[in-house]
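Commentary on secondary and tertiary structure
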Amino acid sequence: MNEKEFAYLVETEKSFDEAVVSVLKSVEKKGWALFQVYDVKERLAAKGFEQKPLKIIEICSGKHANNFLNKNRLISLCMPCKINVLEENGKVKIVGMKPTMISQFFPEVSKEEALEAEEDIKEIVDNSK
């Protein structure tokens, strides 16, 4: 499987911290809920491991979540949606998993339904760069 099949990625000229704040603002503007922000670099440093900056931002749309869960509660394994901000090769990247992946694992969710959620994720990512 190719990265472009499951992830929507953009590079930004913003600093890592600016990109994180931008994602948080974009999530709020889109009307999605923020669940949690994980600082992976910090967590691994506490265990003695060194990593480049990486934050995992968990977000949720009540509308999409309710729709998907009504079709199959196991879709909760793919929830909440995540947008990651990471630093790689001196570049800051913002990446979100494409919800259309859900329709590949759960055929009761049409690609069109998943695409609606994916368009929101892409908009959040694009507005963050």
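Okay, so let's go over this structure. All of these numbers come straight from a predicted model, not from anything done at the bench.

Criteria and cut-off values
- Residues numbered from 1 in each chain as written.
- Predicted model: local features only at pLDDT ≥ 70, side-chain atom pairs only at ≥ 80, totals over all residues.
- Heavy atoms only, no water.
- Helix = DSSP H or I, 4+ residues; strand = E, 2+ residues; numbered from the N terminus.
- Rg over C-alpha atoms; globule rule 2.2 N^0.38 Å.
- Buried < 20%, exposed > 50% of the residue type's maximum accessible area, 1.4 Å probe, protein only.
- Arc of directions from axis to C-beta.
- Contact = heavy atoms within 4.5 Å.
- Axes fitted to C-alpha atoms, helices over the stretch in contact; angles between N-to-C directions.
- Parallel < 35°, antiparallel > 145°, perpendicular 65-115°, else oblique.
- Left-handed = near helix turned anticlockwise from the far one by under 90°.
- Nonpolar A, V, L, I, M, F, W, Y, C, P; charged D, E, K, R; others polar.

With that settled, consider the overall build of the protein chain. Looking only at helices and strands, the protein chain features 6 helices and 5 strands. In sequence order, the protein chain lays out its α and β elements as α-β-α-β-α-β-α-β-β-α-α. Taken over C-alpha atoms, the radius of gyration comes to 15 Å for the protein chain, in line with the 14 Å a tight globule of 129 residues would show. Taking the principal axes of its C-alpha atoms as reference, the protein chain extends roughly 40 × 30 × 30 Å.

Right, let's talk about helix 4 (residues 62–71) for a bit. Every buried residue of helix 4 is listed here: His64, Ala65 and Phe68. Mapping the buried residues of helix 4 onto a view down its axis gives an arc of 95 degrees, with all of them on the same face. In helix 4, the exposed residues that point more than 90 degrees away from the buried face are Gly62, Lys63 and Asn70. At its buried positions, helix 4 is contacted by strand 3 (54–60), helix 5 (100–105) and helix 6 (111–128).

For the rest of this paragraph, the subject is the packing of helix 2 (residues 16–30) against helix 6. At a minimum axis separation of 8 Å, helix 2 and helix 6 run at an interaxial angle of 135 degrees. Considering the angle they form, helix 2 stands oblique to helix 6. When the axes of helix 2 and helix 6 are compared, the crossing they make is right-handed. Judged by residue contacts, Ser22, Val23, Ser26, Val27 and Lys30 of helix 2 engage Asp120, Glu123, Ile124, Asn127 and Ser128 from helix 6. Across the contact of helix 2 with helix 6, the residue classes break down as 3 nonpolar, 4 polar and 3 charged.

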